[in-house]
Amino acid sequence: MIEKIERLRTEYSNASGSVTDLKQLEELRLKFLSRNGALQQLLEEMKSVPKEDKPLVGKELNILKKYIQDNFTSLKESLESQFASTASYLDLSLPGRQIEFGSKHLLTQTLDEIKKIFKGFGFSVADGPELESDFNNFTALNFPDDHPARDMQDTFFVNKNFVMRTHTSPVQVRLMQKQVPPIRSIMPGKVYRSEAISARSYCLFHQVEGLYVDKNVTFAELKGTLVSFARQFYATDLKYRFRPSFFPFTEPSAEMDITCYICQGNGCRVCKGSGWLEILGCGMVDPNVLRNVGYDPEQVSGYAFGMGIERTAMLKYGINDIRILFDNDIRFLRQF
Amino acid sequence: MKISLKWLQDYIDLSDISPAKLENLLTMAGLEVETMEDLSGKLQGFVVAHVQEHTKHPNADKLSVCKIFDGTEVRQVVCGAPNVAAGQKVVLALPGTIIPSNGMTIGKAKLRGVESTGMLCSERELELSEDHSGIMVLDENAVPGTPIADYMNRNDVIFEIGITPNRPDALSHYGVARDLSALLNRELKLSPYGRFEQWFTKDFIEASEVHNHASVEVLDFAKCPRYSALVVKGITIKESPAWLRNRLESIGSRSINNIVDITNFILHDIGQPLHAFDLDKLDGAKIIVKTMGTEGKFTTLDSKERTMHKDALMICDAGRPVAVAGVMGGENSEVSSETKNVLIESAYFNPGSIRKTAKSLTLSTDASYRFERGTDPGNTLFAALRAASLMAEAGEGIVVPGVIDVKEHDIELIQVTVRFARVNSILGYEVSSAQVLDIVTKLGFIVQAKTENDVTVLVPSFRPDIDREIDVIEEIARIFGYDNIPAISSIQVPMIPITDATEGLDKLRTFFTGSGFYEIISNSLVNKHIPGLENSAIQLMNPQSSDMSALRTSLVTGLLTAVQRNISVGERNLKLFETGHVFRMLSDMITDFSDIREEEVLGAVFTGHAVEKEWYTKEIRNFDIYDVKASIINLLDKFHLSKEAVFVYTPEGNSYLDQQISVQFGTEVLITAGRLKREVIKAFDIEQEVFYLEVGVEKIKELLFRKPTFTELVKFPKMYRDFAFVFDKMVNAGDVELFIRQNSSQILRDVRVFDIFESEQLGAAKKSMAFSLEFFDEARTLTDDEVETVFSTLINKIKDNFQAVLRG
Ligand SMILES: [Zn+2]
């Protein structure tokens, strides 16, 4: 009998816990509290309880009865009061039961934006290791041994043959070694340069490079792609210029500038008075690079470009110290 | 590299072009102007003046009162300099002038009761030198009223140009002028300085007299393909003439003496580094160019003793080394104030060899900088002759007739054929064959043959960067103007599927940010000494500091650094995550990629309050392992991995975690989580508990794209039964749950633990656990009886299996 009482208690408490409206409340009443309800049945079974057990069973049964009646009454009141606006005063000015969302790092958000634009152009996204062979990082990319071009990127060495990649270009090499043209891909990732840590430089940064190799890829198409990117990413009405530069793995090589949107090209501190902001480097893939991966430069040509995400984000969000991006101060992270 | 506008005009007429336009022209031709400085700018307002009268100041011993003629009027100026005297020509700052050294504006003033309208200036005040011992005294022929910028030849503009490594030909004023001549279509002129026509006769060149005074022997032609030398005798070492000093000073190079200045001048003028030896200090009046083959000590002319690599090319006399070829001369043979006779070295060295030597000495000089990029092997004799004629002029010496010019063979110019169609197919724009011919000719290429389809040219010796068709195409594009090539708007779309290798990672990032985590990005270069995490870390050969000497083996380092930093600014309650590569060595030596494991992982930390004190909460609660477990289960559910995932519990943990929970999927461990051990967080000065969760991105990446299959929604009611048992304390809820699932009918569909407690009544080492069971069948309504049967059978099995006692 005691077991039955306990079971009814559990049964009731489960059932009442799931009641959310008055209709369900009435079902609950019918099941447990009505004339044919479970409680009434149990009370009737009291008659057949042996005499010596009656005091204990009777006591338990009374407790159960009181529990069920109290619970039902309060449930009824609370359900009814939901619809009676005057029943109690609600302070609606109290803050809500907040759940804090996190956020992606500003650099990830910037990269996401860049990825989205290039995926729209039909670019895939590839990645590769950060600890690279000297061959993939330099030699395959047409950096001769003992050439000053190697000084352009201060390199962290693990040993003579392994380096922390200084650009994501070795991913281009890996892609081309693996696939045949057409290749149209961007490759984001961390790169490392042994530069003193200051407001302007850090020992690592993030890069996105892009590569397109196919028949008849031209410098004019490179310009078109990048101008379209810059207009989507920076400003639709920007002015731009391409000026000759040097990268061992592209020829012709160029750097792309856009009008400084802080001073509208009049010259300010950010653009060092020139009115222009350098946003990326690019060029036509050097025939030596194509040959190094087994392509025939007479059959296919390609373009490549690369930009630093830190610089891009700093320009876009007016951040003047690169270190804040790596300090991971939550007060900074919460801003984006 | 600094380029003076005045100096450029020795070679090309730029009088009608503004400095701003020139800046743009150079930048757009690949010679990027980084800064532009108008030297006369800070000399505005200073004029030559004549001190007509000089009397003592009536009220101050150290001051004097001068009557100064400024070219138009006589003014009274109070002066404190000890060296001022009547009759001097001096520098006068007119009222309104800004003093460069301190930014003060000169006005009319009364000094100790005497009016002063202007100021006489020292060199330091004009930022010409550090000299402040007295006012500047000018040449007695200086004309009062002349602007100082004119008097000092400072009406010049200096461009700081960033020259890319492929353009050694532009590392001089002549080189820059050569590009401008192609860009502007203007003729180049001869420099007015060092006109050597007087020496450069056939008779002079062919004379043999020089061989009686010096000899040169090259023993390593691979490293020194050409060595030219001239001898100048009877010179006087003295201060350089004004034009020469001005030229060098304008580009920030200090004047030393006439001979050294001339070698510097030629370097900046035409890009050929020279070295002047004191001929009398050369044993045997002999130069031997050779690789020593053994390591040795050598003292360079900066008085530093240096260790020479055995492969370094050295310039020797009959007995000993006298210079590090192409890098720096030796102290033992340098030109001094007593020098009378000079040997001028003008050589072409192998770029790679000079680079190796300079690198091994960690020494970069103006000379080595140019040699390692590639100087013009065709220019050595010309440079020596110009230097010799200048030395004869400025040092009153005599150039010994005849030239020394040692080379194995004549320089062969490289021949390149450029196909017009190829120019267009690379650039995507039609540059006419006439334009191509025009541009290459202007750049100094020699046209050898031309057909309808192509042109064959000889590459000038000053362009070591060009030996292929594509190199010439770049030159054509550069001079044609990148901006004249259109940006086409029709982009070809290749018919290949678009893939994204980073998509899985992005899904994980989105999951974690949605769960309230902030993403951090930390330095992957870390201190190799981190407790519990230092195993098989890969170290850098050339780290910047010991704090950044190894590659991270775990994301714990960066996350804890961030936690520590945030705690230090009062932010103690944190949920952070990072994704990134971690690195381990798989063998003692890295010779191949198989010796490295580089892996993408995601790490997350939980620390501080999980529940804050709010108006709707009862009390603060700190994060514990069950918050971590919740994230794990959410992650598995979100990506439909729960069914196959197996949890492994290791309370004692591993080298850096305790309370460890791992999730296996097949044989792979996808997730490891737990509490960071005390010694780990102590290493980061953290006192509060930090929980850590790590996801092996590489392993889970592919699993994140699973598509769930649809199951019909259940149409029949579910039934619930609950029970509670008293168990031994060491019984795991998870084990009971598993037992229930495995020892029941298939109508049991879910088990959930909903209450756990310990109490005195239950007894020591006991606990109560209550479970809720869910029953249903897709095909029918269950009856009370069948549920009851399953339920009571289960009760007995649990009693037996766990020696548990049913409660209630
Ligand atoms: Zn600006």
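Parameters and conventions
- Residues numbered from 1 in each chain as written.
- Chains lettered and ligands numbered in written order.
- Predicted model: local features only at pLDDT ≥ 70, side-chain atom pairs only at ≥ 80, totals over all residues.
- Heavy atoms only, no water.
- Helix = DSSP H or I, 4+ residues; strand = E, 2+ residues; numbered from the N terminus.
- Rg over C-alpha atoms; globule rule 2.2 N^0.38 Å.
- Buried < 20%, exposed > 50% of the residue type's maximum accessible area, 1.4 Å probe, protein only.
- Areas by Shrake-Rupley, 256 points an atom, 1.4 Å probe, with all protein chains shown as cover.
- Lys, Arg positive; Asp, Glu negative; His and termini not counted.
- Charge placed at Lys NZ, Arg CZ, Asp CG, Glu CD.
- Contact = heavy atoms within 4.5 Å.
- Buried area = accessible area lost by both parts, 1.4 Å probe.
- Salt bridge = Lys/Arg side-chain N within 4 Å of Asp/Glu carboxyl O.
- Domains from an automatic or database assignment.
- Disulfide = S-S within 2.5 Å.
- Patch = residues over 30% accessible without salt bridge, like charges linked within 9 Å, V, L, I, M, F, W, Y side chains within 5 Å.
- Donors = N, O, S within 2.8 Å, 3.2 Å for Na, K, Ca; no water.
- Tetrahedral: all angles 85-135°; square planar, octahedral: opposite > 155°, others 65-115°.
- 1 Å grid on protein atoms, 1.4 Å probe; cavity = no way out; pocket = protein on both sides within 12 Å on 5 of 7 lines; lining within 4 Å.
- Points joined across faces, edges and corners; volume = space filled by probe spheres on them.
- Nonpolar A, V, L, I, M, F, W, Y, C, P; charged D, E, K, R; others polar.

Caption draft 1: Here's a closer look at the overall build of chain B. In terms of regular secondary structure, chain B is built from 20 helices and 41 strands. Relative to the compact-globule value of 28 Å for 808 residues, chain B shows a C-alpha radius of gyration of 42 Å, a clear excess of over 25%. With respect to the three principal axes, the spread of C-alpha positions in chain B is 125 × 85 × 60 Å. Within chain B, buried positions represent 51% of all 808 residues. Surface summary for chain B: the accessible area is close to 36,900 Å², and the carbon and sulfur share equals 49%. Once the 86 positive and 116 negative side-chain charges of chain B are each reduced to a mean point, those two points are 3 Å apart.

Caption draft 2: Geometry of the interface of chain A and chain B. Counting residues at the interface gives 104 residues for chain A, matched by 90 residues for chain B. Interface area for chain A against chain B, summed over the two sides, is near 8,400 Å², with a carbon-plus-sulfur share of 56%. A per-residue breakdown of the area chain A buries against chain B is headed by A:Asp146, A:Pro244 and A:Glu251, which together make up 8% of the total. At the boundary of chain A with chain B, the tally comes to 10 salt bridges.

Caption draft 3: Expanded view of the domain arrangement of chain A. In terms of domain boundaries, chain A breaks down into domain 1 (2-87) and domain 2 (106-333). The straight-line distance from the C-alpha centre of domain 1 of chain A to that of domain 2 of chain A is 72 Å.

Caption draft 4: Representation of the state of the cysteines. Summed over all chains, the structure comprises zero disulfides over all chains. We note that B:Cys316 lacks a disulfide partner, and the nearest cysteine sulfur, in B:Cys224, lies 12 Å from it.

Caption draft 5: Structural context of a nonpolar patch on the surface. Residue and element names in this part refer to chain B. A cluster of nonpolar side chains, Ile411, Leu413 and Ile446, forms an exposed patch at the surface whose accessible area comes to about 220 Å². Relative to the helices and strands, isoleucine 411 resides in the loop between β23 (404-407) and β24 (415-419). On the accessibility criterion, isoleucine 411 (35% relative accessible area) is partly exposed.

Caption draft 6: Helix α2 (residues 19-28) of chain B, seen in detail. Three or more residues of α2(B) are buried, namely B:Leu22, B:Leu26, B:Thr27 and B:Met28. Looking at the buried positions of α2(B), the neighbouring elements they touch are β6 (240-247) of chain A together with α1 (5-8), β2 (32-38), β11 (157-162), α4 (173-184) and α13 (469-480) of chain B. B:Gly30 lies just past α2(B) and shows a positive phi near 95°.

Caption draft 7: Region of the structure containing the coordination of the zinc ion. Residues and elements named next belong to chain A. In the first shell of the zinc ion, the protein supplies Cys260 (SG), Cys263 (SG), Cys268 (SG) and Cys271 (SG), at 2.2 to 2.3 Å from the metal. With four donor atoms in place around the zinc ion and angles of 101 to 115° between them, the coordination shape is tetrahedral. One chain supplies every donor to the zinc ion, and in sequence these donors are spaced C-x2-C-x4-C-x2-C.

Caption draft 8: Expanded view of the layout of surface pockets. Residue and element names in this part refer to chain B. The volume enclosed by the second largest pocket comes to roughly 2,100 Å³. Forming the walls of the second largest pocket are 41 residues, and the residues nearest its centre are Lys629, Ile633, Phe647, Tyr649 and Glu737. Sorting the residues of the lining of the second largest pocket by element identifies α16 (625-638), β34 (646-650), β35 (657-665), α19 (733-742), β39 (748-757) and β40 (766-775) as the ones contributing at least two each. Broken down by element, the residue count for the lining of the second largest pocket peaks at seven residues, all from α16. Looking at the lining of the second largest pocket residue by residue, the classes come out as 19 nonpolar, nine polar and 13 charged.

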